[in-house]
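For reference, the chains in residue letters:
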Amino acid sequence: MKLLVVGGGGREHALAWKLAQSEKVSEVIVAPGNAGTAREPGMRNAGVGAEDIDGLIELARSESVGLTVVGPEAPLAAGIVDRFEAAGLKCFGPSADAARLESSKAFAKEFMSRHDIPTAAFGVVDNVEEGMEMIHGIGLPVVLKADGLAAGKGVVICEEEADARATLEDMLSGEAFGQAGRRVVIEEFLIGEEASFIVVASGTQYLSMASSQDHKRRDDGDRGPNTGGMGAYSPAPVVDETVYRKIIGDIIEPTLSGLADDDLPFTGFLYAGVILTATGPKVLEFNVRFGDPETQPIMLRLKSDLVEIIEHALEGTLDDLSPEWDERTALAVVMAAGGYPGRYDKGHPITGLESAFPEDVKVFHAGTSLDEHGQVVTSGGRVLALCALGETPKKAQARAYQWIAQIGFEDAFYRSDIGFRAIGRS
């Protein structure tokens, strides 16, 4: 059958690459895709935007698509799954109502409070003075989060009162994040190591994906501004068997049960960004889709058929499955455009993509496109992620940096320490 993957980033390239490996799949269409998906065997791009739901429905019908997999959060929040199902088309992801777990941070925090899911103390405000009063009560440092979707950038850690006030003013005025910042969630700052925990969910059934760890800060040593993610690796050694059981028992199962109890049964990829505090794992955020760049190393390690997993989720038979994983570490390093996460240029030619990469090294495209001459050029802030497998985190890291050095474009940059926590633990 034909599959449709909605989106055009690194996550979607990795998902499409893995889905195309299934014997059940004849072709994967990616809308809108990027230069990587345009050049990948077994797939092609379609010029339909990820948020053009009418266009995507027409595309799925005209191409006789058997299954659509949604990558990014915006179309999920806009109700793409509801619309596809109403049109009689099979689509994997949560309903718009269930997607509020990501599309509204205030909704998510109130949901967690109601269902006793461990998270940071918080409040929700829509004016600066009320916000400052709350910050005085919580104490500095604090975390300020735009309530709505902000492309992974709507989180600011404030250590000084003046910074907190300025950030509140920027968010609530709409200057920083538009409508997404018209309400702000104020949270206590939690101390601990972070990890990403993703499950394939079908109501209260779930199948755990491999653990992973993201690097949100732009610069080495976890310094600089927050980004959508500068690199990731899987598995995350910090998620040992004890931590795994705590995350499942205290977070994943209560979340899926709570959603079902609230008449919001969840089908799709559920991502819990957790922080491992001295008192146990707590939720920093929920996403209702795979993380980016966590998808890239997880897909590189997954040996099972992803189409089969999704079909079992849609049929409510996930309990019948046990995924198979490559035991090696997969580590992804993001190569970004100069200026990211702020303003950056586009259209720079990318060299080195034709290098003789070995089987255990894969380049996943994100912000790339083809120019009129067929040359791959930059078109986004996070341009690509080079992902490598290794027997240990250190070996995976060495291979990733060995091969990413073959690639270049004007003003390119990347962190040089992706995986440092896993290497420190080993």
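Numbering of residues starts from 1 in every chain and runs along the sequence as written. With the structure being a predicted model, the display of local features is reserved for residues of pLDDT at least 70 and the display and counting of side-chain atom pairs for 80 or more, all residues being used for whole-chain, interface and lining totals. Excluding hydrogens and water, the side-chain values take into account all heavy atoms of the structure.

Attention now goes to the sheet that holds strand E8 (residues 155-158). With respect to topology, four strands assemble into an open sheet ordered E6-E9-E7-E8, the strand pairing being antiparallel. Two strands bound the open sheet, and with one partner strand each, they are strand E6 (122-125) and E8. In this sheet, neighbouring strand axes are inclined to one another by 20° on average, regardless of whether the strands run parallel or antiparallel. Between any two strands, pairing holds if DSSP finds at least two bridges. Secondary structure elements follow DSSP: runs of H or I no shorter than four residues count as helices, runs of E no shorter than two count as strands, and numbering proceeds from the N terminus. Direction of pairing for E6 relative to strand E9 (residues 184-188): antiparallel, over a ladder of four bridges. Across the sheet, residue Val 124 finds its bridge partner in E9, namely Val 185. What counts as an axis is a line fitted to C-alpha atoms, over the stretch in contact for a helix, and the angles between N-to-C directions run from 0 to 180 degrees.

By the element assignment, Glu 193 lies in strand E10 (residues 193-202). Contacts described as polar in this section are N or O atom pairs within 3.5 Å, which, within protein, must combine one atom able to donate a hydrogen with one able to accept it, while residues neighboring in sequence count only if both atoms come from side chains. Side-chain polar atoms of Glu 193 contact the side chain of Gln 213, separated by 3.1 Å. Of the polar contacts made by the side chain of Glu 193, one reaches the side chain of Arg 425; its length is 3.0 Å.

Okay, the packing of helix H8 (residues 128-138) against helix H9 (residues 161-173) next. Closest axis-to-axis distance for the H8/H9 pair is 10 Å, and the angle between their directions is 145°. For the pair H8 and H9, the crossing hand works out as right-handed. Between H8 and H9, the contacting residues are Val 128, Glu 129, Gly 131, Met 132, Ile 135 and His 136 on the first element and Glu 161, Ala 164, Arg 165, Leu 168, Glu 169 and Leu 172 on the second. Within the contact of H8 with H9, the residues separate by chemical class into six nonpolar, two polar and four charged. Left-handed describes a crossing whose near helix is turned anticlockwise from the far helix through less than a right angle; right-handed describes the clockwise counterpart. Note on contacts: a residue pair is in contact if any heavy atoms of the two residues lie within 4.5 Å. Side-chain classes follow a simple rule in which Ala, Val, Leu, Ile, Met, Phe, Trp, Tyr, Cys and Pro form the nonpolar group, Asp, Glu, Lys and Arg form the charged group, and the remainder, Gly included, forms the polar group.

Moving on, we get to the pattern of salt bridges. A pairing counts as a salt bridge when a side-chain nitrogen of Lys or Arg comes within 4 Å of a carboxyl oxygen of Asp or Glu. Overall, the coordinates contain 26 salt bridges when judged by the stated rule. Residue Glu 354 pairs with Arg 39 through a salt bridge whose shortest N-O separation is 2.7 Å. Taken together, the positions of Glu 354 in the loop between strand E18 (329-337) and strand E19 (361-365) and Arg 39 in helix H2 (residues 35-39) put the pair 315 residues apart, joining distant regions of the chain. Here Arg 39 falls in the partly exposed class, since its relative accessible area comes to 39%. Of the charged contacts, one joins Glu 102 and Arg 289 as a salt bridge, the two residues approaching to 2.6 Å between their closest N and O atoms. With Glu 102 in helix H6 (residues 100-103) and Arg 289 in the loop between strand E17 (280-287) and helix H11 (295-301), this pair connects stretches of sequence that are 187 residues apart. By sharing partners, the salt bridges in this structure join Lys 2, Glu 27, Arg 44 and Glu 63 into a single network. Exposure categories follow from relative accessible area, calculated using a 1.4 Å probe and restricted to protein chains: below 20% of the type maximum is buried, above 50% is exposed, and the middle band is partly exposed.

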